[in-house]
Amino acid sequence: MTTTYTITLKNCAFFARHGLHDAEEFLGQRFFVDAELDVQPLRPLSDDAIESTVDYGVAFQEIEKIVTGQRRYLIEALAQEIATVLCARFPQISRARITVRKPNAPVPGVLDHVQVTVDHAV
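The rules behind each value
Residues numbered from 1 in each chain as written. Predicted model: local features only at pLDDT ≥ 70, side-chain atom pairs only at ≥ 80, totals over all residues. Heavy atoms only, no water. Pairing = 2+ DSSP bridges. Helix = DSSP H or I, 4+ residues; strand = E, 2+ residues; numbered from the N terminus. Axes fitted to C-alpha atoms, helices over the stretch in contact; angles between N-to-C directions. Contact = heavy atoms within 4.5 Å. Salt bridge = Lys/Arg side-chain N within 4 Å of Asp/Glu carboxyl O. Buried < 20%, exposed > 50% of the residue type's maximum accessible area, 1.4 Å probe, protein only. Expected span 1.5 Å × (residues − 1). Polar contact = N/O pair within 3.5 Å; in protein donor to acceptor, adjacent residues only side chain to side chain. 1 Å grid on protein atoms, 1.4 Å probe; cavity = no way out; pocket = protein on both sides within 12 Å on 5 of 7 lines; lining within 4 Å. Points joined across faces, edges and corners; volume = space filled by probe spheres on them. Nonpolar A, V, L, I, M, F, W, Y, C, P; charged D, E, K, R; others polar. Arc of directions from axis to C-beta.

Participant: Whenever I open this one, the sheet that holds strand E2 (residues 29-39) confuses me. Can you help?
Facilitator: Hydrogen bonds between backbone atoms are what pair the strands of a sheet, whose relative direction is either parallel or antiparallel. Strand order in the open sheet formed by 4 strands is E1-E2-E3-E4, with antiparallel pairing between adjacent strands. Looking at the sheet topology across the chains shown, the edges are occupied by strand E1 (5-16) and strand E4 (114-121). On average, each strand axis in the sheet is inclined to that of its neighbour by 15°, with strand direction left out of account. Bridging between strand E3 (residues 93-102) and E4 involves 8 bridges; their strand directions are antiparallel. In the strand pairing of E4, threonine 99 is matched with threonine 117. The strands touched by helix H2 (residues 56-67) are E1 and E2; relative to E1, the strand with the most contacts, the crossing angle is about 35°. Against the sheet, helix H3 (residues 75-89) contacts E2, E3 and E4, and its axis sits at roughly 150° relative to E3.

As structure tokens, this is what we get:
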């Protein structure tokens, strides 16, 4: 019998400077990230060992490094990089579904946020 489960990091908030426009780089804004990680543990969960699963504190730090690091023009590219890095860092992850929300997207209208979701399977 194989056990799989999902770890979700919801609404992780970071200040960063992503976007196409110079003003977005200059002013910056908050970005919000959700990470849904499908996990196949390396050892039985009954072992109760962090080494068999994804340390979500470390996963958060990886997301933070990416979001607050190099500027991306597209939040699609940002979401893809997060998914790729998390899957490489944690071989237990079989699928990473990453959502990036940009509340202050420069669009000519009123909206709550723009959101992109990337689904990355290993």
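Participant: Please explain the pattern of salt bridges as it appears in this structure.
Facilitator: Between side chains of opposite charge, a pair can form as their charged atoms come close. Tallying each qualifying case throughout the model produces 10 salt bridges. For the salt bridge of glutamate 81 with arginine 72, the shortest nitrogen-to-oxygen distance reads 2.6 Å. Among the residues examined, glutamate 81 registers a relative accessible area of 27% and is labelled partly exposed. Several salt bridges converge on common partners, so that one network encompasses Asp38, Arg95, Arg97 and Asp119.

Participant: Hey, could you run me through H2 in this one?
Facilitator: Side chains of residues three or four places apart in an α-helix project in the same direction, reflecting 3.6 residues per turn. Counted at 1.5 Å a residue, the expected span for H2 with its 12 residues is 16 Å, and the 16 Å between its end C-alpha atoms agrees. Listed in full, the buried residues belonging to H2 are Val58, Ala59, Glu62, Ile63, Ile66 and Val67. Of the surrounding elements, those touching the buried residues of H2 are E1, E2 and H3. Two or three places before glycine 57, at the opening of H2, aspartate 55 has a side-chain oxygen 3.0 Å from that residue's backbone nitrogen.

Participant: Explanation requested: the layout of surface pockets in the structure shown.
Facilitator: In this approach, a probe sized like a water molecule rolls over the atoms, and the result shows the empty space that is left. Computed from the structure, the largest pocket encloses a volume of approximately 200 Å³. For the largest pocket, the lining is made up of 14 residues, of which Glu24, Tyr73, Lys102, Ala105 and Pro106 are closest to its centre. In terms of residue class, the lining of the largest pocket is built from 9 nonpolar, 2 polar and 3 charged.

Participant: Where do I start with H3 in this structure?
Facilitator: The end-to-end C-alpha distance of H3, which contains 15 residues, comes to 21 Å, matching closely the 21 Å that a straight helix rising 1.5 Å per residue would cover. Along H3, the residues that are buried comprise Ile75, Leu78, Ala79, Ile82, Ala83, Leu86 and Cys87. The arc that holds every buried residue of H3, seen down its axis, measures 160°, which confines them to one face.

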